[in-house]
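Per-entry structural report
Take a look at the letters that make up each chain.
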Amino acid sequence: LTGTAVVASLDISGDIDVDGTTNLDVVDIDGAVDFASTTAHAGNATFADNAKAIFGTSGDGLEIYHDSNNSYIKDSGTGDLIIQASDDLKLQTASGTNMAVFTENTYARLFYNGTARFETTNTGIAVTGSVTATSANISDDNNYSFGDGTTYIQGSGSADRLKFITAGQEAIRIDSSQNVGIGTD
């Protein structure tokens, strides 16, 4: 066929080879489509429930899909799932409320109901609110501080003692013999 043809419908059995650009308003394809080059979309690519966008090979790649109840990003292949960001990496609710924010070389911050509660710092962690733990281990000769840092508890495994410091001064000491000293240094 050369020239222009206007038809109400066209049913072709076999291959179609188009050189150049073809503008089609709606294309409905039953079966597999293999694109050997880049595809560009000016609109959305819509997938039915349980239909997967698969990157790599099925069963050994990355799958993105929705099963009518939940949405999934599934790495079923070998290696790691790596998410990279040129700025902050954020996990947010559907309404845009932060759940976690990761900033390169600065902090990782976790949120509860939109409020930052846990943050990594260059010296450890910062917690906003209370901490509930079944146990805590503090390294030898380190402090458990309150407020401005002049009131703290210091434990020492090597010296086998526990000291309570208030206003920067030792108030109570318990030694390895269970002796209690008040106001001793």
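Residues numbered from 1 in each chain as written. Predicted model: local features only at pLDDT ≥ 70, side-chain atom pairs only at ≥ 80, totals over all residues. Heavy atoms only, no water.

**Remarks on the sheet that holds strand β3 (residues 71–75)**
- Sheet architecture is open: three strands sit in the order β1-β2-β3, paired in antiparallel fashion. Looking along the sheet, the strands with just one partner apiece sit at the ends: β1 (53–57) and β3. Averaged over all pairs of adjacent strands, the angle between their axes in this sheet comes to 5°, without regard to strand direction.
- With five bridges joining them, strand β2 (residues 60–66) and β3 adopt antiparallel strand pairing. Bridging from a neighbouring strand, Tyr65 pairs with Tyr72 of β3. (Pairing = 2+ DSSP bridges. Helix = DSSP H or I, 4+ residues; strand = E, 2+ residues; numbered from the N terminus. Axes fitted to C-alpha atoms, helices over the stretch in contact; angles between N-to-C directions.)

**Some details on the pattern of salt bridges**
- Evaluation of the coordinates by the stated rule reveals four salt bridges.
- Close ionic contact of Glu170 with Lys163 constitutes a salt bridge, the shortest N to O distance being 3.8 Å. Taken individually, Glu170 and Lys163 each receive the classification buried, so the pair is uniform in this respect.
- A salt bridge links Arg173 to Glu170; the shortest N-O distance between them is 3.0 Å. (Salt bridge = Lys/Arg side-chain N within 4 Å of Asp/Glu carboxyl O. Buried < 20%, exposed > 50% of the residue type's maximum accessible area, 1.4 Å probe, protein only.)

**Regarding the layout of surface pockets**
- Estimates place the volume of the largest pocket at around 1,200 Å³.
- Forming the walls of the largest pocket are 22 residues, and the residues nearest its centre are Ile16, Val18, Leu24, Val27 and Ile29.
- Tallied by class, the residues present in the lining of the largest pocket amount to eleven nonpolar, five polar and six charged.
- Estimates place the volume of the second largest pocket at around 560 Å³.
- Residue lining of the second largest pocket: 13 residues in total, with Phe35, Thr39, His41, Asn44 and Ala45 positioned closest to the centre.
- Split by residue class, the lining of the second largest pocket holds seven nonpolar, six polar and no charged. (1 Å grid on protein atoms, 1.4 Å probe; cavity = no way out; pocket = protein on both sides within 12 Å on 5 of 7 lines; lining within 4 Å. Points joined across faces, edges and corners; volume = space filled by probe spheres on them. Nonpolar A, V, L, I, M, F, W, Y, C, P; charged D, E, K, R; others polar.)

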